[in-house]
Amino acid sequence: MILRMSTLFLRTLRDDPADAEVPSHRLLVRGGYVRRVAPGVFTWLPLGFLVYRNVEAIVRNEMDAAGFQEVHFPAMLPREPYEQTNRWTEYGDTLFRLKDRKGADYLLGPTHEEMFTLLVKGEYSSYKDLPLVIYQIQTKFRDEARPRAGILRGREFVMKDSYSFDVDDDGLARSYARHRDAYIATFERLGLDFVIVSAMSGAMGGSASEEFLAPTEVGEDSFVRCTSCDYAANVEAVVTTAPADAEVSGVPAAHVEQTPDTPTIETLVDLANGRDDLARADRPWTAADTLKNVLFMVTGTDGSRTPLAVGVPGDREVDLKRLEAVLQPGIATVFEEADFVAHPSLVKGYIGPGALGEASASGVRYLVDPRVVSGTRWITGANESGRHVFDLVAGRDFSADGVIDVAEVREGDACPACGGQLTLARGIEIGHIFQLGRKYAEALDLKVLDETGRLVTVTMGSYGIGVSRAVAAIAEQSHDERGLIWPREVSPADIHLIATGKSDEAFEAAEVIATQLDAVGVRVLFDDRRGVSPGVKFNDSELLGVPTIVVVGKRLAEGFIEIKDRRTGDREDVPVADVIEVIRAIVAA
RNA sequence: CGGGGCGUAGCGUAGUGGCUAGCGCGCCUGCUUUGGGAGCAGGAGAUCGGGAGUUCGAAUCUCCCCGCCCCGACCA
């Protein structure tokens, strides 16, 4: 392959586009890899499409190597299957919907669980046919409320999604493990730095699910990693270790105090420390000694609205993402004025356990942070304006309806696996593997006969890789101030060959090199543009990011060609006679 | 959906009531130049997001609409 820049459909930009913030977006646009068509919708230009196809080929190759079989569904799908699993409704505005001329509803697939399930249902009916894994590489559509960061989060994107079908849980575990291995191999080949994080809270009893995250500052997912063991989890899935029950004896009886002008935790703590009759003998009060009770209204998928109180130590906020992860598919919103009016026993700013709980007057379900174990003593609201209760002891003076682990996760929190310290980081979700279980098989009635002749519901897994997103993730992780730096296997070419100078000699010599390299299978991006100054060519080569840059120019007269490594900047002069072999060796390495 | 910002040529931008809307990049023609985004000369390219209004006069002021970007909410 020889791509000639004299005729390539490519225009690089000298300035950053004004609407691009993150590096991958900026550089992919500047380098002429992609162009925006609509919000979250992009066109791949020739160089970009080469990169995209390389990534796609690696993904497909690893899937095939794992023994999975490729199929291809339509992107446009009928409504009925999604009606049966309730996702026509559950997906809400995120679903792109359309009608045909007869008024029948269609959708642009956001993901294809239903279609795969129905396909298998139509073909298979025996346990002997399983296990089965089929996959597709398909354009997906999600009408995101806010597409952002260019290719990283579009409304149209390409995803590899596979689905496993097994008769039992052990089979599902094996299919899951095969995917995990295949994903590791895939992302390693893509040159991505990644971590595998657990994506679902074990405490909530969900099925096994892990995310593959590519760490970068611009990532949308927050995750924690342990500094002393290999624990890693999405913040939504972090499990808080509950401390041991505390000793109650010696803690004074609970007492209500006048605490005027203490609308915030901070003012409350200051007041408590400032008053001799309230101050602690051993140490000052801190925000962590207070119990903050936050009220939410939880909207179910059926539209029902149920209040929920969450008690967390006053030094932490309730993390809404963690809350939603626990509540899903319910949606939580903080209490509004109208909600307080509807619940007169709840005094805003002074809500305490006394007014909460299913057995209380308010009847509001009350769940507390795992740190609120039996014997812990708290300062908290007394359910009257201007009053707080001190030395309220969990287990002795109040009890909650249950535990909910939704407080914000912080740097330095304890690792649930080993007790070490957690660090927080951000990453791009590039893959997700998920033991779905029987949800879809049940909804769509996918059953097979087992060896005893009984009908059993098939158990499924679903596994995704963001193919187009992976292109951006690679760009995000692999660039410098001058431009992109592609890993060789995804690069649009193996070498970027530049001819410089005014004379014909350099161009003729470069032409010969290009032809010879092409003949031995080296992919060449050849800057054969006449009348373009060397500076422009060098800058373009660095922007475009082909890993090896070969320059035919100044030292050709002495019989040398320059070979430059894009990533390190190292350059060496190689005799013309050796250049093909040296490049072949670099490309093969 | 809430908050903030922005919309002027392919790209980046100047222009806050006044004359023919300015500049840089890119593009076209010619000459020169050729190891780090070259020089000179000439040129093409803009319904100033759209509509309505105020005014002798609107890119500029007012109102409505549309679109985009960022933060948040949302997002198996």
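Everything quoted here is computed from the prediction, not taken from an experiment.

Reading the values: the criteria
- As a convention, each chain's residues are numbered from 1 in the sequence order in which they are written.
- Here the convention is simple: chains get letters from A, ligands get numbers from 1, in the order in which they are written.
- Where local features are concerned, this predicted model is filtered to residues with pLDDT of at least 70; where side-chain atom pairs are given and counted, the filter is 80 or more; whole-chain, interface and lining totals use all residues.
- Water and hydrogen atoms were dropped before computing side-chain values, which therefore reflect all heavy atoms in the structure.
- Helix and strand assignments follow DSSP, with helices taken as H or I runs no shorter than four residues and strands as E runs no shorter than two, numbered in order from the N terminus.
- We count a salt bridge whenever a side-chain nitrogen from Lys or Arg sits within 4 Å of a carboxyl oxygen from Asp or Glu.
- The rule is simple: take the accessible area with a 1.4 Å probe, protein chains only, and divide by the maximum for that residue type; under 20% is buried, over 50% is exposed, in between is partly exposed.
- As used in this structure description, the phrase polar contact means that two N or O atoms lie within 3.5 Å; if the pair is within protein, one of them must be able to donate a hydrogen and the other to accept it, and residues adjacent in sequence are counted only when both atoms belong to side chains.
- Contacts: residue pairs with any heavy atoms within 4.5 Å of one another.
- In this analysis, strands are considered paired if DSSP registers two or more bridges between them.
- To obtain each axis, a line is fitted to C-alpha atoms, and for helices this fit is confined to the stretch in contact; angles are then taken between N-to-C directions over 0 to 180 degrees.
- Scored from 0 to 100, pLDDT records how confident the predictor is in each individual residue.
- In these notes, residues near a molecule or strand are those with any non-hydrogen atom within 4 Å of it.
- Space inside and on the surface of the protein is sampled on a 1 Å grid over the protein atoms alone, with a cavity defined as a set of points where a 1.4 Å probe fits but cannot get out and a pocket as an open set with protein on both sides within 12 Å along at least 5 of 7 lines; lining residues have an atom within 4 Å of a point.
- Grid points are joined across faces, edges and corners, and a volume is the space filled by probe spheres set on the points.
- Polar here means any residue outside two lists: the nonpolar Ala, Val, Leu, Ile, Met, Phe, Trp, Tyr, Cys and Pro, and the charged Asp, Glu, Lys and Arg; Gly therefore counts as polar.
- Roughly parallel refers to an angle under 35 degrees, roughly antiparallel to one over 145, roughly perpendicular to one between 65 and 115, and oblique to any angle outside these ranges.

A cis amide bond links leucine 130 to the next residue, proline 131, at an omega of 5°. Position of proline 131 among the secondary structure elements: in the loop between α5 (113-123) and β8 (132-141). One non-glycine residue, asparagine 86, adopts positive backbone phi at about 75°. Position of asparagine 86 among the secondary structure elements: in the loop between α3 (80-84) and α4 (87-90).

Take the pattern of salt bridges next. In the structure shown here, the tally under the stated rule is 42 salt bridges. For the salt bridge of glutamate 408 with arginine 410, the shortest nitrogen-to-oxygen distance reads 3.7 Å. Bridged by salt links that share partners, the residues Arg79, Glu83, Lys99 and Asp105 form one connected network.

The subject of this paragraph is the side chain of lysine 140. Tracing the backbone shows lysine 140 in strand β8. The class of lysine 140 is buried, set by a relative accessible area of 0%. Within the structure, the side chain of lysine 140 is placed 2.6 Å from the side chain of histidine 112, a separation counted as a polar contact. Excluding residues within four positions of it along the chain, lysine 140 makes contact with Gly109, Pro110, Thr111, His112, Arg155, Glu156, Phe157, Met159 and Asp161.

Strand order in the open sheet made by the three strands is β5-β7-β6, with antiparallel pairing throughout. Lying at the two open borders of the sheet, with one neighbouring strand each, are β5 (76-78) and β6 (96-99). On average, each strand axis in the sheet is tilted by 35° relative to the strand beside it, whichever way the strands run. Examined bridge by bridge, β5 and strand β7 (residues 105-108) share three bridges and lie antiparallel to one another. Bridge pairing in β7 places methionine 76 opposite leucine 108.

What follows concerns the confidence of the model for chain A. On average, residues of chain A score 86 in pLDDT, and 97% of them reach the 70 mark or higher. Put simply, helix α9 (residues 337-342) is where chain A has its lowest mean pLDDT, 68, and strand β4 (residues 69-70) is where it has its highest, 96. Of the regions scoring below 50 in pLDDT, residues 202-206 engages in four contacts with residues more than four places distant in sequence or in other chains.

Right, let's get into the environment of valine 456. Relative to the assigned elements, valine 456 resides in strand β24 (residues 455-457). For valine 456 and isoleucine 404, which are 52 residues apart along the polypeptide, the C-alpha to C-alpha distance reads 35 Å.

Attention now goes to the protein's contact with RNA strand B. Neighbouring RNA strand B are 45 residues, the closest being Arg14, Pro39, Arg153, Lys321 and Glu542. The sugar-phosphate share of atoms of RNA strand B within 4 Å of the protein amounts to 48%. Here alanine 18 contributes a backbone N or O atom positioned 2.9 Å from a phosphate oxygen of RNA strand B. Between RNA strand B and aspartate 540 there is a distance of 3.2 Å, counted from a base nitrogen to a side-chain nitrogen or oxygen. Elements with a minimum of two residues in the surface near RNA strand B: α8 (320-327), α13 (534-544) and β31 (560-565). The element best represented in the surface near RNA strand B is α13, accounting for seven residues.

It is worth spelling out the layout of surface pockets at this point. Of the pockets and cavities examined, the second largest pocket occupies roughly 450 Å³. Forming the walls of the second largest pocket are 22 residues, and the residues nearest its centre are Lys292, Asn293, Val294, Gly349 and Ile351. Examining the composition of the lining of the second largest pocket, we find that six residues originate from one element, strand β15 (residues 290-299), more than from any other. Classifying every residue of the lining of the second largest pocket gives 12 nonpolar, eight polar and two charged.

Glancing now at the packing of helix α1 (residues 23-30) against helix α11 (residues 467-477). At a closest axis distance of 8 Å, the pairing of α1 and α11 adopts a crossing angle of 100°. Considering their axes alone, α1 and α11 lie roughly perpendicular with respect to each other. Judged by residue contacts, Pro23, Ser24 and Leu28 of α1 engage Ala472, Ala475 and Glu476 from α11. Classifying every residue of the contact of α1 with α11 gives four nonpolar, one polar and one charged.

This next bit is on the pairing of strand β30 (residues 548-552). Of all the five residues making up β30, five are buried; the element is thus mostly covered by neighbouring parts of the structure. On β30, burial covers both faces: Thr548, Val550 and Val552 on one face and Ile549 and Val551 on the other are all buried. Bridging between strand β28 (residues 495-499) and β30 involves five bridges; their strand directions are parallel. Note on β30: the bridge partner recorded for isoleucine 498 is valine 551. Examined bridge by bridge, β30 and β31 share four bridges and lie antiparallel to one another.

Take the pairing of strand β18 (residues 365-368) next. By the bridge criterion, four bridges tie strand β16 (residues 305-313) to β18 in an arrangement that is parallel. Considered in β18, the bridge of glycine 311 is made with valine 368. The sheet contact formed by β18 and strand β21 (residues 402-403) spans two bridges and is parallel. Bridge pairing in β21 links leucine 367 to glycine 402.

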